[in-house]
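Single-letter residue listing:
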Amino acid sequence: MSKLWYSTPAKEWSESLPIGNGRLGAVVYGRTSTELLQLNEDSVWYGGPLDRTPRDAFRHLPQLRKLIRCGNHAEAEKLVRLAFFSTPHSQRHYEPLGSATLEFGHEALDVQSYKRSLDLETSIVKVEYEHQGIQYVRETAASQPDNVLAMRIKASEPVTFMARLTRVSEWEYETNEFLDSVTATDGVITMHATPGGKGSNRLCCILSIKCDGEGSVSAVGNALVVTAREALVVIAAQTTYRHDNPEVTALADATKALNMPNLWERHIADYRSLYSRMGLHLYPDACDIPTDQRISQAPDPGLAALYHNYSRYLLISCSRDGFKPIPATLQGLWNPSFQPAWGSKYTININLQMNYWPANVSNLAECELPLFDLLERVAERGKKTAMTMYGCRGWAAHHNTDIWADTDPQDRWMPATLWPLGGAWLCVHVWESYLFNQDTEFLARMFPVLKGCVQFLVDFLIEDISGDHLVTCPSLSPENSFFEADKTRGTLCEGSTIDIQIITSVFDAFISACATLSLPADDLLPSVKASLSRLPPPKIGSFGQLQEWRTDYMEVEPGHRHISHLWALHPGSAITPSATPDLAAACTAVLNRRADHGGGHTGWSRAWLINLHARLWQAAECLGHVKKLLRDSTLPNLLDVHPPFQIDGNFGGGAGVLEMLVQSHEGFIRVLPACPAEWERGSVRGVKARGGWEVDFEWEGGRVKGPVVVRSEGSGGKVVFMNSSKVASFPEGKGEHLVYEPEDV
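Residues numbered from 1 in each chain as written. Predicted model: local features only at pLDDT ≥ 70, side-chain atom pairs only at ≥ 80, totals over all residues. Heavy atoms only, no water.

Trainee: I keep staring at the UniProt feature "domain: Alpha fucosidase A-like C-terminal" (unreviewed entry) in the protein chain and nothing clicks. Help me out?
Mentor: Mapped onto this numbering, the UniProt entry gives "domain: Alpha fucosidase A-like C-terminal" (unreviewed entry) at residues 663-723. This span, residues 663-723, is 0% helix and 59% strand, and a straight line between its end C-alpha atoms measures 11 Å. (UniProt positions renumbered as here; feature names shortened; annotations may be inferred. Helix = DSSP H or I, 4+ residues; strand = E, 2+ residues; numbered from the N terminus.)

Encoded structure:
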């Protein structure tokens, strides 16, 4: 359950294996003739910051609200296009760093005993084969301690190969190179490039090689020719985002790594310090079958465990704290294209948030820190957006952002663009992080961000037509649309269900944060409590469903990929089968209706469905969506496909597997809430629960076997077994507590 492996090299990107140290990464093809590493560095983006705020939006806001309230959708949308969309309409996009090739000339017909693998326990890609009687082994890793990509090459006899650096698109027939210069000398290739657009981060990439004592490295043209039995190749890269002279820094990184005697041991120890905190095993496990073959047949339980473990590997590999950290994009760290889908940036109407769903529960809180670094910058830039567009205090962000923390409307697409609650959703992660980790210093650090978001929300709310409730306007349900009774199509509305759910959660988080940080006299508390009391309650519609809008509209697309109105079920926690059974039943009606109309047809949407059904304790439905995720939305390298590739499904799916086994959003630990019968035997170790607890247990035949081990930093609590009334408590006190399932009466 900890290794991806294949019996053939990768023919295309979707078969290659990703590595990363949080900042610098690659996908490794494992080829024998010409090995290919497509490279990424997280600060290589097209262009610098843009000033795009629609300067005339606020003076048109009263008219827009009037048109929305009157249901004049055509005129409202016309006004939005005129005064509320940004110019330029797009934020900046993420680009590749380049490509490294190693030309061995070992044609496939002459290769025997080939195998390539990615070991999730060590974060090393290994390629091994025999060519004309000579044994070859290549191991590739992305070292965080030493800031490089490294490949060590071993052969039973001396081998000659040629190394090159370039910067081309993902198409291997590409002839255009997007670079400034490439030079080779003294065992080093140096590549400089300037991504297009004013203010881009200039980059430098270094490839350096060191051989065993009998080997040689020489520069021929702008390539390196190597003859050796053993060789170490390191790749370093930096940009002006972090360093004024990226060449000096990258060269220093490469030189230090080449001469580091324990490079591999340092890498493995650093990686395992995160990955080994948690473990998941499910049986039976068909790990003897190549991974690409496993996903093409009925999935065994072990494959679901591998998928979860891979999600942890990916998060560690593409999101690490450090100097000016950058969070995982829509493609994580691994974007091969100069024209990536949706800019390979940050979509914040679910996708960036989903990237971090597994962070806390998988005991990887540090991997979420780059998100909070970005959020602090978003909050600063969002002050202008809030005041200029809406006349509000605080800050706001719409449904996308980028490396420069842009907060203005993205695109010119009515169902998504004018939604200023993307930043509010991100703020929920602040309180969730505190609940899991009980870190008051972190909460104090992020409190100004949370307060600024709340200031905006308090100011942005307006009275509805009855005068009884406060609602958002303009509002929408992300990326969905509705039909009026006369079949008029609409998108903009007042107080969509997701808006009210997010605002409720943010207001509750602010009130709780004030109490936790001993700020009972905060000047904003009275208005927050007053606004919270006037938010409208949820409604149940004509199909028995939780309504997506305040009016019981028919959806334009009943099987829509977004299930935004179930936000309070997951990732929120206001709806539960035990506390709000009627609303939980209404959520089930929504999910059934979505399923009847083809819902879950994208990888990340399918992943969300797993989590939603898990919160409803619906094990069979969870398992069905896990199987469909693996069958329909997973590439040969186990990366998620929307299509095209998006990494959010990996993270959402990985989190969903754990959500089926351990939950803590109700204020206590619930074990095996949605474990399917097919997962008859398994174990978890080091799962993090809200309250700061860590949980271990084994199960067999649908029942916990032995004790549930709870490690606590001091607070007591309780464990609920399955979705039953069986409850066992553990006392206060720091240390390990053994909690046993009560006997049947």
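Trainee: I'm lost on the UniProt feature "domain: Glycosyl hydrolase family 95 catalytic" (unreviewed entry) in the protein chain in this one. Help?
Mentor: The feature "domain: Glycosyl hydrolase family 95 catalytic" (unreviewed entry), as given by UniProt, occupies residues 262-661 in the numbering adopted here. What you have in residues 262-661 is 47% helix and 5% strand, and the ends, taken at the C-alpha atoms, are 39 Å apart.

Trainee: Honestly, the pattern of salt bridges in this entry has me stumped. Any pointers?
Mentor: As a working rule, side chains carrying opposite charge can pair if their charged atoms are close by. Throughout the structure, instances matching the rule amount to 42 salt bridges. A salt bridge links Arg59 to Asp56, with the shortest nitrogen-to-oxygen separation between them at 3.5 Å. The exposure class of Arg59 is exposed, given its relative accessible area of 62%. Salt-bridge contacts for Arg167 lead to Glu95; the nearest nitrogen and oxygen are separated by 2.9 Å. On the criterion of sequence distance, the pair formed by Arg167 in the loop between strand S9 (148-166) and strand S10 (181-185) and Glu95 in the loop between helix H2 (73-83) and strand S5 (98-103) is long-range, its members being 72 residues apart. (Salt bridge = Lys/Arg side-chain N within 4 Å of Asp/Glu carboxyl O. Buried < 20%, exposed > 50% of the residue type's maximum accessible area, 1.4 Å probe, protein only.)

Trainee: So what exactly am I meant to see when it comes to the domain arrangement of the protein chain here?
Mentor: In many reports, interface size means the accessible area that the parts give up when they come together. Domain annotation of the protein chain identifies domain 1 (1-43 + 96-275), domain 2 (66-85 + 347-597) and domain 3 (679-738). Taking the mean C-alpha position of each, domain 1 and domain 2 sit 42 Å from one another. At the junction of the two partners, domain 1 supplies six residues and domain 2 supplies six residues. Regarding the contact of domain 1 and domain 2, the summed buried area is about 420 Å², with carbon and sulfur atoms giving 69% of it. Run the count over domain 1 and domain 2 and you get zero salt bridges. Counting every contact that joins domain 1 to domain 2 gives zero residue pairs in polar contact (both at pLDDT 80 or more). Residue classes in the side of domain 1 that touches domain 2 are distributed as two nonpolar, three polar and one charged. (Domains from an automatic or database assignment. Contact = heavy atoms within 4.5 Å. Buried area = accessible area lost by both parts, 1.4 Å probe. Polar contact = N/O pair within 3.5 Å; in protein donor to acceptor, adjacent residues only side chain to side chain. Nonpolar A, V, L, I, M, F, W, Y, C, P; charged D, E, K, R; others polar.)

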